[in-house]
Amino acid sequence: MRLGASQQQTVSTIQKAGSVAASSNTVVISQSIFQDAAKSRDAALLIDHLRNQPLDQDQAEELADLVRRSGALIYQRPDVIGQHKRDSFLADLRKYLLEAKELLDLRSFDDAVRTITIAEDGFHRILAFLARSEFAGRPADVRAAAIVARMEANLRAFTADMEAQLRSAGTFSMPGGAAFRDANGQFASSDSVISGMVESLGGTLLMEGYANGWFDPKKGWLVLPILQPVIDADILLAGQSEYLSTSWRRWARLCDVARYMNSPIYALEGERLPTGCPEEVTLVYAREKDCEIVDYVANERAVDREGINALKLAVETSIVAKAKGIVGPVALAPAEWVSPEEAQNMLALSEMVGYEVLDDQERPGGLRLAQWVRGFTVLSEWVKSRAAEDLTGVLHIPQADLLALLQRGSLSASEAQTFLDATSFGRKSRDLFDTPIVRTAGEWLLVSAPLTAPRLSKIIPSLLSSMKIQLKRKGSAFEKRVIELLKKHEFDAKTVKVTRDGAEYEYDVLFPWGEYVFHFECKNHGLSCNDPMAAHHFLEEIASGVKQVQRLRGGLEKWPDILTDKFGPEVSGKPVISCILQNETYCIPGGADGVYVYDWSALGRFFESGWLHVMHDHKMPMNAIFRNRVGVKRIWSGDDRPMPDDLITQFEEPSQFRITAHHLEIRQGSFQIDDTTIGTDWFLLRHPITTASMAESLGVPAEAIESQIAKVDAEILALKSRLADEGISD
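A. The overall build of the chain, seen in detail. Summing up its helical and strand segments, the chain has 25 helices and 18 strands in all. Its C-alpha atoms give the chain a radius of gyration of 28 Å, within 12% of the compact-globule value 27 Å for 730 residues. When the 730 residues of the chain are sorted by exposure, 51% land in the buried category. Considering only contacts within the chain whose residues lie at least 6 apart along the sequence, 68% involve residues at least 24 apart. Carbon together with sulfur atoms contributes 51% to the accessible area of the chain, which is approximately 33,600 Å² in total. The distance from the centre of the 80 positive side-chain charges to the centre of the 101 negative ones in the chain is 3 Å.

B. Representation of the environment of Ala343 within the structure. In this structure, Ala343 sits in helix α12 (residues 340-353). A residue is classified by how much of its surface remains accessible, and Ala343, at 8% relative accessible area, is buried. Distance in space between the C-alpha atoms of Ala343 and Ile319 is 7.7 Å, their sequence separation being 24 residues. Residues within four places of Ala343 in sequence aside, it is in contact with Leu313, Ile319 and Trp337.

C. Geometry of the sheet that holds strand β8 (residues 444-447). Strand order in the open sheet made by the 4 strands is β3-β7-β8-β6, with mixed pairing throughout. Because the sheet does not close on itself, it has two edges, and the strands there are β3 (223-224) and β6 (394-397). The pairing of β3 with strand β7 (residues 437-440) spans 2 bridges and is parallel. Each residue of the ladder has a partner; that of Val223, found in β7, is Arg439.

D. Region of the structure containing the pattern of salt bridges. Tallied over the entire structure, the rule returns 34 salt bridges. Within this structure, Arg305, Glu351, Arg481 and Glu584 form a network of salt bridges that share partners.

E. Spatial organisation of the pairing of β7. Neither face of β7 is open: one carries Ile437 and Arg439, the other Val438 and Thr440, and all of them are buried. Across 2 bridges, the pairing between β7 and β8 is antiparallel. Its bridge partner being in β8, Ile437 is matched across the sheet by Leu446. Here β7 folds back onto β8, and the loop between the two strands holds 3 residues.

F. Summary view of the side chain of Gln650. Mapped onto the elements, Gln650 comes out in helix α22 (residues 644-652). A polar contact of 3.0 Å, which involves the side chain of Gln650, links it to the side chain of Ser655. Apart from the residues within four sequence positions on either side, Gln650 is in contact with Tyr598, Phe606, Ile635, Ser655 and Gln656.

G. Examining a positive patch on the surface more closely. Taken together, the side chains of Lys39, Lys218, Lys219, Arg427, Lys428, Arg430 and Lys468 present a region of like positive charge at the surface. For Lys428, a relative accessible area of 63% translates into the label exposed.

H. How the structure looks around the environment of Pro642. Of note, Pro642 is situated in the loop between β16 (625-634) and α22. Residues Pro642 and Phe606 lie 36 residues apart in sequence; the distance between their C-alpha atoms is 8.3 Å.

I. Quick look at the packing of aromatic side chains. Using the criterion set out here, one finds 21 aromatic pairs in the structure. The interplanar angle of 80° and the centroid separation of 5.2 Å between the aromatic rings of Phe376 and Phe419 together place this pair among those described as edge-to-face. Of this pair, Phe376 sits in helix α13 (residues 369-387) while Phe419 sits in helix α15 (residues 413-422); the two residues are 43 residues apart in sequence, bridging distant segments of the chain. Neither Phe376 nor Phe419 differs from the other in exposure class; each is buried. The interplanar angle of 85° and the centroid separation of 6.0 Å between the aromatic rings of Phe478 and Trp600 together place this pair among those described as edge-to-face. Of this pair, Phe478 sits in helix α18 (residues 475-488) while Trp600 is found in helix α21 (residues 600-608), placing the two residues 122 residues apart along the sequence.

J. Structural detail: the side chain of Asp295. Structurally, the position occupied by Asp295 is in helix α10 (residues 293-316). Salt bridges are absent for the buried Asp295, whose nearest opposite-charge side chain, Arg253, sits at 6.5 Å.

K. Just empty space enclosed by the protein, in detail. Overall, the coordinates contain 3 cavities of 30 Å³ or more when judged by the stated rule. Here the largest cavity defines a volume of roughly 60 Å³. Around the largest cavity, the lining residues are Ile147, Arg150, Met151, Met197, Ser200, Leu201, Thr204, Ala238 and Glu242. Mapped by element, the contributors of at least two residues to the lining of the largest cavity are α7 (140-169), α8 (190-212) and α9 (232-260). Among the elements that take part in the lining of the largest cavity, α8 stands out by supplying 4 residues, more than any other. When the residues that make up the lining of the largest cavity are grouped by side-chain class, the tally is 5 nonpolar, 2 polar and 2 charged. For the lining of the second largest cavity, the elements supplying multiple residues, two or more each, are α12 and α13. Among the residues making up the lining of the second largest cavity, the classes are represented as 1 nonpolar, 4 polar and 4 charged.

Cut-offs used in this document
- Residues numbered from 1 in each chain as written.
- Predicted model: local features only at pLDDT ≥ 70, side-chain atom pairs only at ≥ 80, totals over all residues.
- Heavy atoms only, no water.
- Helix = DSSP H or I, 4+ residues; strand = E, 2+ residues; numbered from the N terminus.
- Rg over C-alpha atoms; globule rule 2.2 N^0.38 Å.
- Buried < 20%, exposed > 50% of the residue type's maximum accessible area, 1.4 Å probe, protein only.
- Contact = heavy atoms within 4.5 Å.
- Areas by Shrake-Rupley, 256 points an atom, 1.4 Å probe, with all protein chains shown as cover.
- Lys, Arg positive; Asp, Glu negative; His and termini not counted.
- Charge placed at Lys NZ, Arg CZ, Asp CG, Glu CD.
- Pairing = 2+ DSSP bridges.
- Salt bridge = Lys/Arg side-chain N within 4 Å of Asp/Glu carboxyl O.
- Polar contact = N/O pair within 3.5 Å; in protein donor to acceptor, adjacent residues only side chain to side chain.
- Patch = residues over 30% accessible without salt bridge, like charges linked within 9 Å, V, L, I, M, F, W, Y side chains within 5 Å.
- Phe/Tyr/Trp six-rings, centres within 6.5 Å; stacked < 30°, edge-to-face > 60°.
- 1 Å grid on protein atoms, 1.4 Å probe; cavity = no way out; pocket = protein on both sides within 12 Å on 5 of 7 lines; lining within 4 Å.
- Points joined across faces, edges and corners; volume = space filled by probe spheres on them.
- Nonpolar A, V, L, I, M, F, W, Y, C, P; charged D, E, K, R; others polar.

Read these as layout, nothing more, since geometry by itself doesn't imply function.
Encoded structure:
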């Protein structure tokens, strides 16, 4: 798909954030003071702060942004007294702005308040609709048991449907899991469907927890009553709660996009109702057609990278043979491994943080990172060991058995308890992927779907973040890795630190190449995992990095001896190509404000080969892998090495970005809020990559490539058949 407005919006957001940070005349409003004032509803506290600085239109706009993005100002559940205090707080702020300076344009402030009002209205309508449902009239303990039983039935039915479709088609979409058709005949990813089920279960359980006071008063864990057998009729009725939980999740995301990505929600009524609305619908909440493509591509590529690394680990090492399982005691890695997935997740987490997790001795949240990986891996192996006999989505296990299981995995009794406490679902949980254990007054529950193939490089940082623990990312280790890569390819790459006119200028990586000098500033910020708030904060980090690079580039222009002292007079006058290099898979085609934004994965791939390839792997006898690799597009202009302009071309149009973005489609979806109200939103769907679609994304003809890869595939399969005839097989 074309990038268009979405990419430009990303760049505009960076420019806006950077302009606020860079302006010497604007005094930025203290976010901590704003947050304290918003939580306490103390308008005087914030007004006193505003009085101590010049008030202009930029400040009014900034205050509007803070109001719009403040979660403390939104009541997801009705609270008449709290909402009245909040409204008074906002009215006092508006009155101050009107009186403090004439001719201020307060439309942005009023729009921010309107966004809060609309968000609350949607949440309150969903809760009221649920309260009127037939399911709400069933006893609370029956509802809890029916909700869990429905998840079990849903996953069992979905698994059977998937297996049937795979038997008939044998089609897989990697990444994204197995490809299948939904009830409407549309392509869908199994991962997205399972994620939806898990998120709906979590939302439904939280609704019941709040309605019945089922949270531990000190720790906030959800503690369900003992689950009794339920009849089919109650399981069927639980669909009402499940459906509205999905609506709650989709409404929350719609509101987050509006608040953080500046995409307002519109209330459509009367003649403005969309064509084709059901007769009973009198109100539609909608926003303009737009999606944050740059952020989405980065997160999809992160999944791709993990899959590629996992395949390399399986093919190039003996990790499969070394896996010990969980039948007996297992020493901590690297002495012993529970499964190949443990090694893969350890590698992915190390890639993400920028250092070797196995060597790290720090204990965020009370455990080493390697122990967090071990804990999730042990649970994952137990779930998979039960899958053959029980396809249910929720497994029952006594707490004592969970503790014993973790201790077999070389966690001490106290460490095992720390792990169980942190991974128990509750009021403060992000979702059931981070916290897949649900406590009850009897046996505990393990939600199996999040543990079947957990992406721990995403889950562990998210879990620690929910505990207010920010995982340390070591930028210096990343800088060292970049310099090692460049030196491997015979570049004179250096970290340079100088002082000029009393100011320090520190350049992470400088290296001359041809007619240019390349300057990399290495950043190691975590991706958003498609969360709008995290995506917004990531863009703020990019904006800060852009300003940093512009300052450093200005230093090179003002004091050219910084370069000549380190690299000799031959670099004098050469243009400097500045780039923010991300450890994560985030890049912006063409960059922002004259600064390129590229990533480590793409850089490593650029120097690895002059061709972009399509690959088919064939498993052969004796665990051999035959790889059929055919070149799709050449990205080097040199015969046996890249040229500097080749890298600049990739900065302008990153090939990995082009391939992923080409396979995206923006779709609209609607959901029910109550009996007279629906919400509509836009979302991105990623289609499978084929040889033809990859070639198309890179602007090259596909016919010759498809013919070549088909020819070699046929030769490999023929060889495999001959070996089988000779008695040599798997």
